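Structural characterization, general
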Amino acid sequence: VIYTSGSTGKPKGVQVSHANLLNLVGWHVATYALTAADRCTQVARSAFDASVWEIWPPLSVGAALVIAPQDTLLLAPALIGWLSEVKASVSFLPTPLAEMVLADAECANLGLRALLTGGDRLHRVGGEGARFALLNHYGPTECTVVATAGPAVMGAGGSAPSIGRPISNTRVYVLDARMQPVPIGIPGELYIGGVSVARGYLDRSDLTAERFVPDPFSGAVGSRLYRTGDVCRWLVDGNVEYVGRADNQVKMRGFRIELGEIESVLRSHADVMDAVVLAREDVAGVKRLVGYVVSTGGREVSSASLRTHLRSSLPEYMVPSAFVLLEALPLTSNGKVDRKALPAPEAGERSEDYVAPRSAVEEGIASIWCEILRLETVSVFDNFFDLGGHSLLATQVISRIRNTFQVEIAMRSLFESPTVAGLAEQTRLAYEADVAPSPPLTRISIGGPLPLSFAQQSLWFAHRLDPLDSAYNVSCVLRVRGELSISALRETIAGLVARHEILRTIYVEEDSRPTQVISASVDVPLTVVDIHGDDATDCEARARQLAAQEIQLPFDLHCGPVLRTTLYRLSPSDHLLALVLHHIACDGWSVGLIMNEIEERYEATVNGSPSALPALAVQYKDYAIWQREWEKSMGEHFSYWQIKLDGAPEIAKLPMDRLRPRIQNMQGASVSAMLNTDMTSALRSIARREGATLFMVLLACFKALLHCVVGEEDVVVGTDVAGRNRLELESLVGCFVNHIVLRTDLAGNPSFEELIGRVRHVTLEGYAHQDAPFNRLVEILRPDRDPGLTPLFQVLFVLQNTPPPVSQNRSVSIDLEDTETCASKYELGLFFAENDDGTLQGHWLYRTELFDARTVRQMAEQFEEIISRVILKPDIRLADLKSDMLAADAARRNAQQQRRDAANYSRFQRVKPRLQTAAGSSLEDDR
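Described below are features of the structure shown in this document. As the structure is a prediction and not an experimental result, all values here were calculated from the model. (Residues numbered from 1 in each chain as written. Predicted model: local features only at pLDDT ≥ 70, side-chain atom pairs only at ≥ 80, totals over all residues. Heavy atoms only, no water.)

**Description of the overall build of the chain**
Looking only at helices and strands, one finds 23 helices and 33 strands in the chain. Structurally, the chain occupies a C-alpha span of about 110 × 95 × 50 Å along its principal axes. By sequence separation, contacts in the chain at least 24 residues apart represent 68% of the contacts at least 6 residues apart. A total of about 41800 Å² of accessible surface is found on the chain, and carbon and sulfur atoms cover 51% of it. Of the side-chain charges in the chain, 90 are positive and 113 negative, and the distance between the mean point of each set is 4 Å. (Helix = DSSP H or I, 4+ residues; strand = E, 2+ residues; numbered from the N terminus. Contact = heavy atoms within 4.5 Å. Areas by Shrake-Rupley, 256 points an atom, 1.4 Å probe, with all protein chains shown as cover. Lys, Arg positive; Asp, Glu negative; His and termini not counted. Charge placed at Lys NZ, Arg CZ, Asp CG, Glu CD.)

Next comes the structure, spelled out in structure tokens:
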């Protein structure tokens, strides 16, 4: 029995039979032609499997076995001197010791016939002028030390030597996840079969069953394969190349990274003798790559030099964020690198905490980040998403890069290269490739009818079908505290309308086509309603009731205006200001703009000073014309959606309480839900580890829920995108919001981490093609139109992270109040908004003719249950997630029934005396 720690560190006893050992001894003696004249060495301690290989082959032929003093293993000169002194002819040295000897010029004078090595990846052969053969070996304890062997020759392009071919009576297979052979050159897991496979683990039947599996390629009864957990690939010459440990792959920011690949590139640096790379998580939830470097001859190696060298061969996400320079890598007692002993970067970090921009491009991008993220400075190696970035802010970064550098880069570039340095490189590559930006958006002067944007056209058609419908009213109620000047407020609203043409626009038909007509001026009256009463609470309730009625009133788009304002006066220093706009002139982003402008303009008016608001570069009509022109060159976007949505389910399966009517109304209600700070923080940590955004992780949870409650694997959910991916549009009131359809395949029982990866991929693709107008896409795809269904998707998921209103110290304070939504444009929608205290406020919006409130509340509880599960175990699989969710549902229903039973029994006890009197006898059975 030979004990091995493996990758877990917990010792496992491997049961190696005499027959296993006999095969190893026979192969070794024959291959290396051992005779009684040979002098062989034992370097490994007898507790390690390599000692079996060192001891038994020499002794079986009467050769001398010389045991190495432990102090000779510390330095190459001492080890080389000892090998010469004992006149060793065949010696095995673990890979780190062999590389140490090969790097020393004196190794050429060794009288060895063969130097054998193994136990770790061999990176260089060295030993120029050496007279001995260098042989590389590979094998786990579970397969009796050696499974493959071959001459150590550097591979093509300087790649590491192969691990050779299988030894006698041994078979190796490179298989995929389904245990199917993979083609030459394709990585897969290495499986070993043959007479060298050990019996299994001592008293560990569970682990034996996991690692020693039935051999599907052998006709022998009971034959087994050992799963090594190592990733390898076949080479065209029949040798096997070691790629790395399957558990030495890490996933950061959504990318699977092979640490050995980074180590290999580091070792190719002229001043680096050896290197190890780890993925460390010294701060909870923040994982980063750290490189440990041993320089050649004790030379100084700068972090900048290492970064530059790595970037010449690797993408930005594979470049470590910190480097530690060591005199030597720590080794375990059997000569392997002791990764657990590597120090945290703080103990000797070679990288700087702050690196200033080193070029004009980096300086420009750093400035953009500071503006977007509201920071004073950023290092060129800071991570955008660790600094608080998300997809909407990423859109703003991309639009500013377009304006500043006149190049077009995809949003995916920021996810793949989330540092200033990485994004600067992407910008440089786009500039060299001459990737031209989309057509410029400028102010246009044209005569005749003005077209509507695609979003406006859709809203106009909806309005024409039902002019009395208020479902597309957008409202906000502002709480105004302080001594309010009514005249200054009226002037403020007039200035707002004068600044934005869209608020002075009406919509008429010309030749059966809708057109915009912009008036030079429009009077938007401010209605003032005094609410009188002794009780302040009653006054506010009355004001909110009146505001709710005002919000439900329809607009006349033909006559206008598209904005109504009402001020409810609760007291001389307390007011509610209700603003109601039609969606054709406004979106969620616009609400924040309007609030900021009201605050700015009102303060300027009461102070008698001019407004500090800059002039608008373009107006909404310019955008509508530009969009119509650009639509002609959107073929690539439309083609993507046609392919992506081909065969997608057109009707969502939902746990509805009633059948869909032929024509649905939009009468809706909502159920509130709150995710606390601990939950939100944990979800953000998962997002950072997976290279995703909070939106993507929440959407993965939502899609997991839909899968669990209805069992569908092809899940289609819609989401809103701001549509303001150009700098000129960020300060413009109007309807820019667009929809994209996120279709995710949940087949194959993926883990939640895998699901995040799928959602991330689909979302980034969707963002890349977000400019395709949704209603134009519907016209092209031409789905079966059902008046009771919204086309392409019926379920909406939104994380509302539009720029919040910026409140400042003013003569009055203005705050946005919550308003209840009574219309649901989709059958089911989940909306989240981030609060200042770190919580997430959720609203489940649903159509009341389809769902009961209790059904939606149950879905909200199930959603929280899923979040709780994935926080505890992010690698949980969907089937297990569903089982856990159903079990939690059953427990919850049981607890509710127990509470109802207890309440009923309590009520029964209260009426029991009266029942006894009425019955004229005692009630023996309380039941």
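More follows now that the structure is in view.
**A closer look at the sheet that holds strand S2 (residues 12–15)**
Spatial ordering of the open sheet is given by S1-S2-S12, a layout of three strands whose pairing is antiparallel. Where the open sheet ends on each side, the last strands, each with one partner, are strand S1 (2–4) and strand S12 (200–201). Pairing analysis gives two bridges linking S2 to S12, with the strands arranged antiparallel. Bridging from a neighbouring strand, Gln-15 pairs with Gly-200 of S12. (Pairing = 2+ DSSP bridges.)

**A few points about unusual backbone geometry**
Backbone torsion omega between Gly-560 and Pro-561 reads -10°, so that peptide bond is classified as cis. If you check the backbone angles, Asp-203 has positive phi at about 55° while not being a glycine. Residue placement: Asp-203 occurs in the loop between S12 and helix H5 (205–211). Of note, the phi angle at Asp-511 is positive, near 55°, even though the residue is not glycine. Considering the arrangement of structural elements, one finds Asp-511 in the loop between strand S22 (505–510) and strand S23 (513–518).

**Observations regarding the pattern of salt bridges**
Following the criterion strictly, the structure yields 39 salt bridges and no others. Arg-776 serves as the salt-bridge partner of Glu-631, at 2.8 Å between the closest nitrogen and oxygen. Of this pair, Glu-631 sits in the loop between helix H16 (620–630) and helix H17 (635–644) while Arg-776 sits in helix H21 (residues 774–781); the two residues are 145 residues apart in sequence, bridging distant segments of the chain. A residue is classified by how much of its surface remains accessible, and Glu-631, at 15% relative accessible area, is buried. With a relative accessible area of 23%, Arg-776 lands in the partly exposed category. (Salt bridge = Lys/Arg side-chain N within 4 Å of Asp/Glu carboxyl O. Buried < 20%, exposed > 50% of the residue type's maximum accessible area, 1.4 Å probe, protein only.)

**Looking at the sheet that holds strand S31 (residues 813–817)**
Across the sheet, which stays open at both edges, the five strands sit in the order S24-S25-S26-S21-S31 with mixed pairing between neighbours. For this open sheet the edge positions go to strand S24 (526–530) and S31, each flanked by a neighbour on one side alone. Shown here is a sheet whose adjacent strand axes are inclined to one another by a mean of 25°, direction ignored. In this structure, S24 lies alongside strand S25 (residues 563–571), joined through five bridges in parallel fashion. Along S25, the bridge assignment pairs Leu-526 with Thr-565. This element, helix H14 (residues 536–551), spans strand S21 (473–481), S24, S25, strand S26 (574–582) and S31 of the sheet and lies at about 170° to S25. Contacting S21, S26 and S31, helix H15 (residues 588–606) crosses the sheet at an angle of about 160° to S31. (Axes fitted to C-alpha atoms, helices over the stretch in contact; angles between N-to-C directions.)

**Quick notes on the pairing of strand S14 (residues 224–234)**
As paired strands, strand S11 (residues 188–194) and S14 are joined by five bridges and run antiparallel to one another. Residue pairing across strands places Gly-188 opposite Cys-232, the latter belonging to S14. In terms of strand pairing, strand S13 (residues 212–214) meets S14 through three bridges, oriented antiparallel. Bridge pairing in S14 links Pro-214 to Arg-224. Bridge analysis of S14 against strand S15 (residues 240–245) gives five bridges, and the strand direction is antiparallel. Each residue of the ladder has a partner; that of Arg-233, found in S15, is Glu-241.

**Regarding helix H2 (residues 49–60)**
With 12 residues, H2 should reach 16 Å at 1.5 Å per residue; the first-to-last C-alpha distance of 17 Å fits that figure. Within H2, nine of the 12 residues are buried, which leaves it mostly tucked inside the rest of the structure. Buried residues of H2: Asp-49, Ala-50, Ser-51, Val-52, Trp-53, Glu-54, Ile-55, Pro-57 and Pro-58, and no others. (Expected span 1.5 Å × (residues − 1).)

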